[in-house]
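Results of the structural survey
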Amino acid sequence: MKCGGSTLAALPGSFFEDMKQLQDEGIVTVIVHGGGPAISDTLTKLGIETEFVNGLRKTNEAVLDVVEMVLSGQINKVIVRRIQLTGAAALGLSGVDGHLIEAQPVSNAHEVGLVGDVTKVNAELIQGIVGMGYIPVIAPVGLGSDGGQRYNINADTAAGAVASHLGVERMIVVTDVPGIMNGEKQVLPVVSVAQIEDMIASGEIYGGMIPKVRAAIACIQGKVQEVVIVNGAEPQVLSKALKGEGIGTRIVR
Ligand SMILES: Nc1ncnc2c1ncn2[C@@H]1O[C@H](COP(=O)(O)OP(=O)(O)O)[C@@H](O)[C@H]1O
Ligand SMILES: CC(=O)N[C@@H](CCC(=O)OP(=O)(O)O)C(=O)O
């Protein structure tokens, strides 16, 4: 599951109760989270300018310090605490811990700086954590193959890569809109890869939705069968998405 920064504060306690219920039914959950708005707030408070190029934050070492502090230190622990309040077990880590996410500079690094694309995921570590009964909660900071350089990774991209490397059945993207909407603001129950490309070209899909659909397209080329985009503020979105109860938008091959 990807939990977007846009929706984290609005997630009701029942969202995490639903997750605990699913875990009790034997469904394994792995969370990759964002936190873009909280990073921007802290950068502003610190007087550090911030800018996005095609949905990716321009990142230098000073920005990266804040990204890591907010994602790994603040947001990650809020999610872990909220899961633990339901009685479920959760373990927070970032892509740095145990070389969980290896990254390389994105192709437009000359424009965005220290932003990474995922090259490798330590799936055994995630499976080990799951095997001990914990829900892994992962912040999208990655490490270069030499282990020395950190990279800021878009959380949708990181979640898609984790889903692909784990070979999960389904990725659920939890955000602040009820799904992918067309020009008339109607939520589309199912969209195909071809439709998505048309909607990006026409401008119906823009901004923060672009990395989500790109990550979805990348992951459904492999073992992942579908990606579902849902609004985290709606009741019991997780179980509804898993039980195919016509919620949100399903992205299929
Ligand atoms: N076709 C679309 N349907 C729904 N939302 C869209 C669409 N195109 C762009 N968006 C925007 O994408 C946003 C979600 O992305 P983002 O703000 O990055 O959220 P998150 O923090 O969850 O990753 C929505 O709030 C909406 O403004
Ligand atoms: C490279 C890049 O843009 N990284 C993102 C990481 C957080 C993120 O993606 O959070 P959301 O899911 O809430 O947008 C950032 O710095 O904001």
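Residues numbered from 1 in each chain as written. Chains lettered and ligands numbered in written order. Predicted model: local features only at pLDDT ≥ 70, side-chain atom pairs only at ≥ 80, totals over all residues. Heavy atoms only, no water.

Going by an unreviewed UniProt entry, the protein chain carries the name Acetylglutamate kinase and comes from Paenibacillus sedimenti. Its UniProt record, at the heading Function (unreviewed entry), says of the protein chain: "Catalyzes the ATP-dependent phosphorylation of N-acetyl-L-glutamate." One UniProt comment on the protein chain, placed under Sequence similarities (unreviewed entry), says "Belongs to the acetylglutamate kinase family. ArgB subfamily." (UniProt positions renumbered as here; feature names shortened; annotations may be inferred.)

On to the pattern of salt bridges. The full count for this structure, using the stated rule, is 12 salt bridges. The partner of Glu68 in a salt bridge is Arg150, and the shortest N-O contact between them spans 2.6 Å. In this pair, Glu68 sits in helix H3 (residues 61-84) while Arg150 sits in strand S10 (residues 150-152), placing the two residues 82 residues apart along the sequence. With a relative accessible area of 21%, Glu68 lands in the partly exposed category. Among the ionic contacts, a cluster of salt bridges with common partners joins Glu61, Asp65, Glu68 and Arg150. (Salt bridge = Lys/Arg side-chain N within 4 Å of Asp/Glu carboxyl O. Helix = DSSP H or I, 4+ residues; strand = E, 2+ residues; numbered from the N terminus. Buried < 20%, exposed > 50% of the residue type's maximum accessible area, 1.4 Å probe, protein only.)

Turning our eyes to something else, we now look at helix H8 (residues 209-220). For the α-helix, the turn length of 3.6 residues means that residues three or four positions removed from each other point alike. With 12 residues, H8 extends 17 Å from end C-alpha to end C-alpha; this agrees with the ideal 16 Å at 1.5 Å per step. Burial within H8 is extensive, with nine of its 12 residues counted as buried. Residues of H8 that are buried: Met209, Pro211, Lys212, Val213, Ala215, Ala216, Ile217, Cys219 and Ile220. Packed against the buried residues of H8 are strand S1 (2-3), helix H6 (155-166), strand S11 (170-175), helix H7 (193-202), strand S13 (226-231) and strand S14 (249-252). (Expected span 1.5 Å × (residues − 1). Contact = heavy atoms within 4.5 Å.)

Here the focus is H3. Under the 1.5 Å per step criterion, the end-to-end length of H3 is 33 Å for 24 residues, consistent within 8% with the ideal 34 Å. The principal kink in H3, of about 30°, is found at Asn76. The complete set of buried residues in H3 reads Val63, Leu64, Val66, Val67, Val70, Leu71, Ser72, Ile75, Asn76, Ile79, Val80 and Ile83. Put simply, Asn60 is the residue that caps the front of H3, since its side-chain oxygen is 3.1 Å from the backbone nitrogen of Ala62. (Bend = angle between axes of the 7 residues up to and from the residue. Polar contact = N/O pair within 3.5 Å; in protein donor to acceptor, adjacent residues only side chain to side chain.)

So, about the UniProt feature "binding site: substrate" (unreviewed entry) in the protein chain. When the UniProt feature table is mapped to this numbering, "binding site: substrate" (unreviewed entry) covers Gly35, Gly36, Arg57 and Asn152. A compact arrangement is adopted by the annotated residues: their sequence extent is 118 residues, whereas the largest C-alpha distance between any two is 12.0 Å. Those annotated residues from the list above that line the largest pocket are Gly35, Gly36, Arg57 and Asn152. For Gly36, the location among the structural elements is in helix H2 (residues 36-45). Ignoring sequence-local partners within four residues, the contact set of Gly36 consists of Gly5 and Arg57. (1 Å grid on protein atoms, 1.4 Å probe; cavity = no way out; pocket = protein on both sides within 12 Å on 5 of 7 lines; lining within 4 Å.)

To continue, consider the nonpolar core. One finds Ile180, Val227 and Ile251 to be the most contacted residues of the largest nonpolar core, which totals 39 residues. Mapped onto this core, the elements with two or more residues apiece are strand S6 (101-105), strand S7 (116-121), helix H5 (123-131), H6, S11, H7, H8 and S13. With near-sequence residues (within four places) excluded, Val227 lies in contact with Met171, Val173, Ala216, Cys219, Ile220, Thr249, Arg250 and Ile251. Counting residues in hydrophobic clusters, the runner-up holds 35 residues, among them Cys3, Phe16, Ala90 and Val228. (Core = buried A, V, L, I, M, F, W, Y, C linked by side-chain atoms within 4.5 Å.)

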